[in-house]
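Geometric and topological summary
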Amino acid sequence: MKKLLVLALIALGGLLVWRKVQADRAELDLWTEATGSDN
């Protein structure tokens, strides 16, 4: 039971990190598009 709980916590942490990375990437893309000099 303890192993299952640890595995669930690791999976949740990985999901949160993945979502943070995706959000940062999307924000960077928007920033690049907004400030790009290739109009």
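Here goes a summary of the coordinates provided. (Residues numbered from 1 in each chain as written. Predicted model: local features only at pLDDT ≥ 70, side-chain atom pairs only at ≥ 80, totals over all residues. Heavy atoms only, no water.)

1. Considerations on the environment of Ala23
Our working definition: The secondary structure listing takes helices from DSSP runs of H or I that are at least 4 residues long and strands from runs of E that are at least 2 residues long, numbered from the N terminus.
Relative to the assigned elements, Ala23 resides in helix H1 (residues 2-35). Spatially, the C-alpha atoms of Ala23 and Lys2 are 32 Å apart, while their sequence positions differ by 21 residues.

2. Regarding H1
For the record, the criterion: A helix is expected to reach a length of 1.5 Å times the quantity of its residues less one. Each residue is assigned to one of three classes by its accessible area relative to the maximum for its type, calculated with a 1.4 Å probe on protein chains only: buried under 20%, partly exposed between the two thresholds, exposed over 50%.
Along its 34 residues, H1 runs 49 Å from first to last C-alpha, staying within 8% of the 50 Å computed at 1.5 Å per residue. Counted residue by residue, H1 has 0 buried out of 34 residues, so it is predominantly exposed.

3. Quick word on the pattern of salt bridges
What counts here: Within this document, salt bridges are pairs made up of a side-chain nitrogen of Lys or Arg and a carboxyl oxygen of Asp or Glu, the two lying within 4 Å of each other.
Summed over the entire model, instances satisfying the criterion amount to 1 salt bridge. Linking Asp24 and Lys20 is a salt bridge whose minimum nitrogen-to-oxygen distance equals 3.3 Å. Here Asp24 pairs with Lys20, and both are found in helix H1, just 4 residues apart, close to one helical turn. Its relative accessible area of 36% is what places Asp24 among the partly exposed residues.

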